[in-house]
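Listed below, chain by chain, are the residues.
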Amino acid sequence: ARGRVGHPTGRQASIDHLVFSSLPAVTSPCKILKCNSEFWVATSGSHHLGTEEAPEFCTALRAYAHCTRRTARTCRGDLAYHSAVHGIEDLMVQHNCSKDGPTSQPRLRTLPPGDSQERSDSPEICHYEKSFHKHSAAPNYTHCGLFGDPHLRTFTDTFQTCKVQGAWPLIDNNYLNVQVTNTPVLPGSMATATSKLTIIFKSFQECVDQKVYQAEMDELPAAFADGSKNGGDKHGANSLKITEKVSGQHIEIQAKYIGTTIVVRQVGRYLTFAVRMPEEVVNAVEDRDSQGLYLCLRGCPLNQQIDFQTIRSAQATEGRARRKGPSLPAPPEAFTYETATAKCREKLPVEDLYFQSCVFDLLTTGDVNFMLAAYYAFEDVKMLHSNKDKLHLYERTRDLAPGNTAPSGIPSMLWVALVCLSQCWFCFL
């Protein structure tokens, strides 16, 4: 790294030191978004308050803290919850607020005209590409994506299909944390998909305040958790922006101060994630040895990867699987290998790993929305990946000659597995 991107400086809350954990998803709903929005409504414009109105801000903070305590039991594994708790503690100290006192929500005045929510004159340091000197080489960009059952494409273009049920970190560096929660698609099934996504943009110099974005099944907000759509009150606030592309289905987050673009979609009931990020930002971690669970960088742990080679034995074990107690529920729609292949070919004519993932997901879930998830994942790759020669990946990517073209005339190992799977989709559970 050249030093342009290092450890963030300036005002930093303890929330910049969040640690991800792979806790399973909680069964009760976490109400932290409600607490965040109530605090946002109560304190809009509070940074313009005079000293005589500081007690009102402290009252709002105490109400915020009380709200987080009420939902603590159901939010133990929630990243936004822990971010809020630490943020409240920091603000209490910063504003000399007592933990004892009234907690009724004060009515504070709204943002005045001309606030930073409308600023466009960001300093150069808040534009990653502009901050490069003219004689410097252009930054190298990388891509990571997660979609479907779920399928992961890492920053190094490794393609994996994983189990990763529960909460897992996708990205964890000095500027950005991303965590996903994957839940079973069908009762008793190993097939999982992303039901929740949390993104934390850490406070950075004079560019942006810390911001949290959270999406869940059937809820894809077009704003951060505090209701804002940009980086807050700093001079370069507009170097971080959320844009709604399709209501409830597609949002894009531009973080120009770190040269990063994030695309989040809801396809059917589940979420997909794609990011374009400079290598310098990708590798900006305090301790590389502790990043073993940073999925976009390291991939899924071996014990969480689905190895298609093991599925080849499904035919031999089919009889034994059928004799093990009651049968599992069937997928909502029965796809054969032929019908799944035909369906995926409608949107994905090239038989690469996106096409193969589509077929795999249709056979394991019976949900046609997984075909659309694979299609949109590839569309995002086309938009975000900097190397157009690496858009398509194939099963044996590491063994192929330059150009990533699959050998002709050699049947894919996956197709053998899928034929078995279409006949006995529960054999590999």
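Cut-off values and rules
Residues numbered from 1 in each chain as written. Predicted model: local features only at pLDDT ≥ 70, side-chain atom pairs only at ≥ 80, totals over all residues. Heavy atoms only, no water. Disulfide = S-S within 2.5 Å. Helix = DSSP H or I, 4+ residues; strand = E, 2+ residues; numbered from the N terminus. Buried < 20%, exposed > 50% of the residue type's maximum accessible area, 1.4 Å probe, protein only. Polar contact = N/O pair within 3.5 Å; in protein donor to acceptor, adjacent residues only side chain to side chain. Pairing = 2+ DSSP bridges. Axes fitted to C-alpha atoms, helices over the stretch in contact; angles between N-to-C directions. Parallel < 35°, antiparallel > 145°, perpendicular 65-115°, else oblique. Left-handed = near helix turned anticlockwise from the far one by under 90°. Contact = heavy atoms within 4.5 Å. Nonpolar A, V, L, I, M, F, W, Y, C, P; charged D, E, K, R; others polar. Phe/Tyr/Trp six-rings, centres within 6.5 Å; stacked < 30°, edge-to-face > 60°. Lys NZ or Arg CZ within 6 Å of the ring centre and 35° of its normal. Core = buried A, V, L, I, M, F, W, Y, C linked by side-chain atoms within 4.5 Å.

Applying the stated criterion across every chain, the model contains 6 disulfides. Disulfide pairing places Cys144 opposite Cys296 at an S-S distance of 2.0 Å. Given an S-S torsion of about -75°, the disulfide between Cys144 and Cys296 has left-handed geometry. Here Cys296 lies in helix H5 (residues 295-298) and Cys144 lies in strand E1 (residues 141-147), a separation of 152 residues in the sequence. Between the sulfur of Cys344 and that of Cys358 lies a disulfide, 1.9 Å long from S to S. As the torsion about the S-S bond is roughly -90°, the Cys344-Cys358 disulfide counts as left-handed. On the criterion of sequence distance, the pair formed by Cys344 in helix H8 (residues 337-347) and Cys358 in helix H9 (residues 353-365) is long-range, its members being 14 residues apart.

Cis geometry is found at the peptide bond from Asp149 to Pro150, where omega equals -20°. Within the secondary structure layout, Pro150 lies in the loop between E1 and strand E2 (151-153). One non-glycine residue with positive phi stands out, namely Asp157, at about 65°. Note that Asp157 resides in the loop between E2 and strand E3 (159-161). The exposure class assigned to Asp157 is buried, which follows from its relative accessible area of 12%. One non-glycine residue with positive phi stands out, namely Val164, at about 35°. On the secondary structure map, Val164 appears in the loop between E3 and strand E4 (166-172). Note on Val164: relative accessible area 2%, which makes it buried.

The next subject is the environment of Asn177. The residue Asn177 is located in strand E5 (residues 176-184) in this model. Under the relative-accessibility criterion, Asn177 is labelled buried at 0%. Residues Asn177 and Phe201 lie 24 residues apart in sequence; the distance between their C-alpha atoms is 6.7 Å. At 2.6 Å, the side chain of Asn177 and the side chain of Asp172 are in polar contact.

The next thing to look at is the pairing of E4. The element E4 is largely enclosed, with a buried count of 7 among its 7 residues. Where E4 meets E5, 6 bridges bridge the pair, whose relative direction is antiparallel. Considered in E5, the bridge of Trp168 is made with Val180. In this antiparallel pair of consecutive strands, E4 and E5, the connection spans 3 residues.

Where H8 meets H9, the axes come as close as 9 Å, and the angle between the chain directions of the two elements is 135°. Comparing the axis directions of H8 and H9 gives the class oblique. The chirality of how H8 crosses H9 is right-handed. Here Tyr337, Ala340, Thr341, Lys343, Cys344 and Arg345 of H8 lie close against H9, whose contacting residues are Phe355, Cys358, Val359, Leu362 and Leu363. Class assignment for the residues of the contact of H8 with H9 results in 8 nonpolar, 1 polar and 2 charged.

What follows covers the packing of aromatic side chains. Given two aromatic rings, their pairing is described by the distance between the two centres and the angle made by the two planes. Scanning all chains against the criterion turns up 9 aromatic pairs. By the ring-pair criterion, three or more aromatic residues cluster together here, those being Phe147, Phe159, Tyr354 and Phe378. The side chain of Arg276 reaches across the aromatic face of Tyr141, ending 3.7 Å from its centre. The cationic tip of Lys347 hangs over the ring face of Tyr375; the distance from NZ or CZ to the ring centre is 4.7 Å.

Membership of the largest hydrophobic core comes to 48 residues, with the highest contact counts inside it found for Leu170, Ile171, Ile199, Phe201, Tyr257 and Phe273. Among the elements that take part in this core, strand E11 (residues 270-278) stands out by supplying 4 residues, more than any other. Leave out the neighbours within four places in its chain, and Phe273 touches Cys144, Gly145, Leu146, Leu170, Ile171, Val178, Leu197, Ile199, Ile262, Val263 and Val264.

Another point: the packing of H9 against helix H10 (residues 369-384). Running from N to C, H9 and H10 cross one another at 160°; their axes reach a closest spacing of 8 Å. Relative to H10, H9 is oriented roughly antiparallel. As H9 runs across H10, the sense of the crossing is right-handed. Along the contact surface, H9 presents Tyr354, Cys358, Asp361, Leu362 and Thr365, while H10 presents Phe370, Met371, Ala374, Ala377, Phe378 and Val381. In terms of residue class, the contact of H9 with H10 is built from 9 nonpolar, 1 polar and 1 charged.

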